Amino acid sequence: MKIEPLIKMANDIGNFFNAESNKEIAAEGIRKHILRSWDPRMRREIIAYCQQDGAALSDLVRTAVSRLEQA
């Protein structure tokens with residue numbers, strides 16, 4: 001699977017949750033959405049991308065994805 005569509009999807013999710021003023025709640029919402037909606041292969045790829053570089057992910061999405069690593 002190509003990483004570019006996953007980056008776009010993750011950032012789109014992040015844009016939705018960015019409206020939340022409490023960024024901790026927003027990051028948790030992104031994390032939960034990805035856990036619920038993405039298959040394990042997609043999650044593994046976005047986690048690996050975040051660990052290697054993650055530059056194309058928003059700060060909020062990087063925070064959420066880093067929490068996926070701990071799940």
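Computed from a prediction, not measured in an experiment: that's the story for all the values here.

Draft legend 1. Quick peek at the pattern of salt bridges. Following the criterion strictly, the structure yields 4 salt bridges and no others. A salt bridge links Lys8 to Asp12, with the nearest nitrogen and oxygen atoms 2.9 Å apart. On the criterion of helical spacing, the pair formed by Lys8 and Asp12 is a turn pair, its members being 4 residues apart in helix α1 (residues 3-17). By relative accessible area, Lys8 is classed as exposed at 52%. Residue classification places Asp12 among the partly exposed residues on the basis of a relative accessible area of 40%. A salt bridge links Glu28 to Arg31; the nearest nitrogen and oxygen atoms lie 2.7 Å apart. Of this pair, Glu28 and Arg31 both sit in helix α2 (residues 23-37), 3 residues apart, roughly one helical turn. Using a relative accessible area of 23% as the deciding quantity, one classes Glu28 as partly exposed.

Analysis parameters
- Residues numbered from 1 in each chain as written.
- Predicted model: local features only at pLDDT ≥ 70, side-chain atom pairs only at ≥ 80, totals over all residues.
- Heavy atoms only, no water.
- Salt bridge = Lys/Arg side-chain N within 4 Å of Asp/Glu carboxyl O.
- Helix = DSSP H or I, 4+ residues; strand = E, 2+ residues; numbered from the N terminus.
- Buried < 20%, exposed > 50% of the residue type's maximum accessible area, 1.4 Å probe, protein only.

Function-wise, these values are silent; they only describe arrangement.
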